[in-house]
Amino acid sequence: MVGYIANLFSEQTRIPESLFLIIIGLLIGPVFGFIDPIGLRDVAGIFATLAIVIILIDSGLEFDITMLFKKMFDASIFTIIVNVLITLFVGLFVHYVYGWNLLHGFLLGIVSSGTTTVMVQALLEGLNIGKETKQLLVLESILNDATLIIIAVALVNMIKQSNVSIMDSIKTMVTSVVVEFAIGLLFAAIFFVIWFKAVKKIPAHKKKNYVFILGLIFILYGVTEFFQGSGVVASLFFSILLGNIHGVMKSLNLKEKYYRKEHIASLKSIKLVQLDLSFFIKTFFFVFLGMITDISLMTLPLIIMAVSVIFIMIFTRYLSVGLISIIEKKYRQYAFLISTMVPRGFVATLLAFLPFNEGIIIPGFTEIVLLLIFTTSIVSIISNIIFRKSEDLKKKANKKKELKSK
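Everything quoted here is computed from the prediction, not taken from an experiment.

Cut-offs used in this document
Residues numbered from 1 in each chain as written. Predicted model: local features only at pLDDT ≥ 70, side-chain atom pairs only at ≥ 80, totals over all residues. Heavy atoms only, no water. Helix = DSSP H or I, 4+ residues; strand = E, 2+ residues; numbered from the N terminus. Buried < 20%, exposed > 50% of the residue type's maximum accessible area, 1.4 Å probe, protein only. Contact = heavy atoms within 4.5 Å. Areas by Shrake-Rupley, 256 points an atom, 1.4 Å probe, with all protein chains shown as cover. Core = buried A, V, L, I, M, F, W, Y, C linked by side-chain atoms within 4.5 Å. Phe/Tyr/Trp six-rings, centres within 6.5 Å; stacked < 30°, edge-to-face > 60°. Axes fitted to C-alpha atoms, helices over the stretch in contact; angles between N-to-C directions. Parallel < 35°, antiparallel > 145°, perpendicular 65-115°, else oblique. Left-handed = near helix turned anticlockwise from the far one by under 90°. Nonpolar A, V, L, I, M, F, W, Y, C, P; charged D, E, K, R; others polar. Patch = residues over 30% accessible without salt bridge, like charges linked within 9 Å, V, L, I, M, F, W, Y side chains within 5 Å. Salt bridge = Lys/Arg side-chain N within 4 Å of Asp/Glu carboxyl O. Lys, Arg positive; Asp, Glu negative; His and termini not counted. Charge placed at Lys NZ, Arg CZ, Asp CG, Glu CD. Expected span 1.5 Å × (residues − 1). Arc of directions from axis to C-beta. Polar contact = N/O pair within 3.5 Å; in protein donor to acceptor, adjacent residues only side chain to side chain.

Chemist: Where do I start with the overall build of the chain in this structure?
Modeler: Helices and strands together make up the secondary structure of the chain, namely 18 helices and zero strands. The 406 residues of the chain split such that 51% are buried. In the chain, of all internal contacts separated by at least 6 residues, the share reaching a separation of at least 24 is 81%. When the accessible area of the chain is evaluated, it comes to approximately 19600 Å², of which 68% is carbon and sulfur surface.

Following this line, the structure appears as structure tokens:
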């Protein structure tokens, strides 16, 4: 109900409902103490997986597969540039300004370099920025979800094993990323074939299309992770194949009558339920984010450090937009939005506790990451409001020009 009211409020004021929902979460959790934030953080990983899978289904069903292959190169280049530069700049900044160990600084840099799929997807809703820019930002967040954990774990191993060379560690990271993606793609294709054949076998009166798909995707995620692949990548590409069934079947030279009746009906049913379920998950995500934020961590030195890191993020992303605009000039006109789209989410939350779990003590590491998660969300929401307002003003100005010309 809160999410529904927030959505109506957003339509009237053009202020994203995410801000309203985060404030509700803050009131429920740290402000009035109805919910214990520490207890909630224990289940953050489980909810993160659930939210990511549901949102990836949403993203995959809406993706145009031909556009995906065109934009995957752009997104990969942009993600690599952003991650490398943020990791480098943040690491050097905390090393020279705060006296951190350089590898500890790089670990903070990589943890704070990736955006979160759930919030990016929600903030982009209703924005008139073209499919190319939306898909760049969504793909960037998905690539981050799939790779940041691998890279962070490799960095932690470097810190634990100081005798291992940096080049060997980099080779290990690259190999791990490639293998995880390949395994994810393989299982996505296998499970798509399973779904394709199963839909034709199940009698019409016994079909529960969405329940079947959801169960299949959770199994896909689990099986892929069990075989050391990326469950995120597998879930995304399975959903993309699902949403682009017409194009997939056409490319395989299968006759339309072979798949049209059962599969198209199943897909329509899935999309109908997915619309409501993704709304619920997105709503709960923002309330949850507010609930797990510990206000007591927001000391002045940490706030100054977090603000400094956010400035580095925005500057780095702006620089990266300039570089990626060489490939696609359209990105340049949305440089402000792309540069300030910096929300960090549950992957960062999970990695915030990684050094401590591995016996590595980095004073303030967990606190600064959790503070960044909250502050980057606020920065992204505010920039989203500013962008929407500026677009509205441009539209009004263009209408006035049209009237004058007439």
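Continuing now.
Chemist: What is the right way to read helix H7 (residues 117-124) from this model?
Modeler: In an α-helix, one turn spans 3.6 residues, which is why side chains three or four residues apart end up on the same side. Of all eight residues making up H7, eight are buried, and the element is well covered by its neighbours. Within the sequence span of H7, burial applies to Thr117, Val118, Met119, Val120, Gln121, Ala122, Leu123 and Leu124. Immediately downstream of H7, the backbone of Gly126 shows phi near 85°, a positive value.

Chemist: So what exactly am I meant to see when it comes to the nonpolar core here?
Modeler: Counting residues in hydrophobic clusters, the biggest one holds 120 residues, and the most contacted among them are Leu107, Leu108, Trp195, Phe238 and Val369. The element best represented in this core is helix H8 (residues 130-160), accounting for 14 residues. Setting aside residues no more than four positions away along its own chain, Val369 makes contact with Leu108, Val111, Ala348 and Ala352.

Chemist: Any chance you could explain unusual backbone geometry here in plain terms?
Modeler: As a rule of thumb, non-glycine residues mostly have phi less than zero, and peptide bonds are mostly trans rather than cis. Although it is not a glycine, Gln228 sits at a positive phi angle of roughly 65°. Take Gln228: it is sitting in the loop between helix H10 (209-226) and helix H11 (231-243).

Chemist: What exactly am I supposed to notice about the packing of aromatic side chains here?
Modeler: To describe a pair of aromatic rings, one takes the distance between the centres and the angle between the planes. For the structure on display, the rule yields nine aromatic pairs. Look at Phe280 and Phe284: their rings are 6.3 Å apart centre to centre, the planes differ by 20°, and that puts the pair in the stacked class. With Phe280 and Phe284 both in helix H13 (residues 256-291), this residue pair falls four residues apart, about one helical turn. Since its relative accessible area comes to 34%, Phe284 is described here as partly exposed. By the ring-pair criterion, three or more aromatic residues cluster together here, those being Phe187, Phe226 and Phe227.

Chemist: In this structure, what is going on with the packing of helix H2 (residues 17-31) against helix H18 (residues 365-405)? I would like to understand it.
Modeler: Between two packed helices, what matters for the description is the angle formed by their axes and the separation of those axes. Axis separation between H2 and H18 bottoms out at 10 Å; the angle between their running directions is 150°. Accordingly, the angle class assigned to the pair H2 and H18 is roughly antiparallel. Once H2 is placed against H18, the crossing between them reads as left-handed. For the pair formed by H2 and H18, the contact residues are Ser18, Leu19, Ile22 and Leu26 on the first element and Phe374, Ser377, Ile378 and Ile381 on the second. Considered class by class, the residues forming the contact of H2 with H18 number six nonpolar, two polar and no charged.

Chemist: Help me understand a positive patch on the surface in this model?
Modeler: A surface patch of positive charge is lined by Lys389, Lys395, Lys396, Lys399, Lys400 and Lys404. Mapped onto the elements of the fold, Lys400 is located in helix H18. What makes Lys400 exposed here is its relative accessible area of 58%.

Chemist: Just to check I follow, could you spell out the packing of H10 against H11 for this structure?
Modeler: The contact between H10 and H11 brings their axes to 8 Å, and the two run at 145°. Once H10 is placed against H11, the crossing between them reads as right-handed. Residue-level contacts link Ile213, Leu216, Ile217, Leu220, Tyr221, Thr224 and Glu225 of H10 to Gly231, Val232, Ala234, Ser235, Phe238, Ser239 and Leu242 of H11. Across the contact of H10 with H11, the residue classes tally to nine nonpolar, four polar and one charged.

Chemist: Quick question: what am I supposed to make of the pattern of salt bridges here?
Modeler: Pairing between side chains of opposite charge can happen when the charged atoms of each approach one another. By the definition in use, this model includes two salt bridges. Between Glu391 and Lys394 there is a salt bridge whose closest N-O contact spans 3.6 Å. Of this pair, Glu391 and Lys394 are both found in helix H18, three residues apart, which corresponds to roughly one turn of the helix.

Chemist: Honestly, H10 in this entry has me stumped. Any pointers?
Modeler: Spanning 18 residues, H10 covers 26 Å between terminal C-alpha atoms, matching the ideal 26 Å at 1.5 Å per step. Those residues of H10 that fall on the buried side of the exposure criterion are Asn209, Tyr210, Ile213, Leu214, Leu216, Ile217, Leu220, Tyr221 and Thr224. When H10 is viewed along its axis, its buried side chains cluster within an angular range of 165° and face the same direction. In H10, the exposed positions that point more than 90 degrees away from the buried face belong to Val211 and Phe226. Immediately beyond the C-terminal end of H10, within one or two residues, lies Gln228, with a positive phi of roughly 65°.

Chemist: Any chance you could explain a nonpolar patch on the surface here in plain terms?
Modeler: A cluster of nonpolar side chains, Leu88, Leu92, Tyr96, Val97, Tyr98, Leu102, Leu300 and Ile304, forms an exposed patch at the surface whose accessible area comes to about 750 Å². At the level of elements, helix H5 (65-98) and helix H14 (300-324) are the ones that each hand at least two residues to the nonpolar patch. The greatest single-element share of the nonpolar patch, amounting to five residues, is contributed by H5. Within the secondary structure, Tyr96 is located in helix H5. Looking at Tyr96, the relative accessible area reads 65%, which means it is exposed.

Chemist: Whenever I open this one, the side chain of Ser380 confuses me. Can you help?
Modeler: Position of Ser380 relative to the elements: it lies in helix H18. By relative accessible area, Ser380 is classed as buried at 0%. Only 3.4 Å separates the side chain of Ser380 from the backbone oxygen of Thr340, close enough to count as a polar contact. For Ser380, the contacting residues outside a window of four places in its chain are Leu123, Thr340, Met341, Val342 and Pro343.

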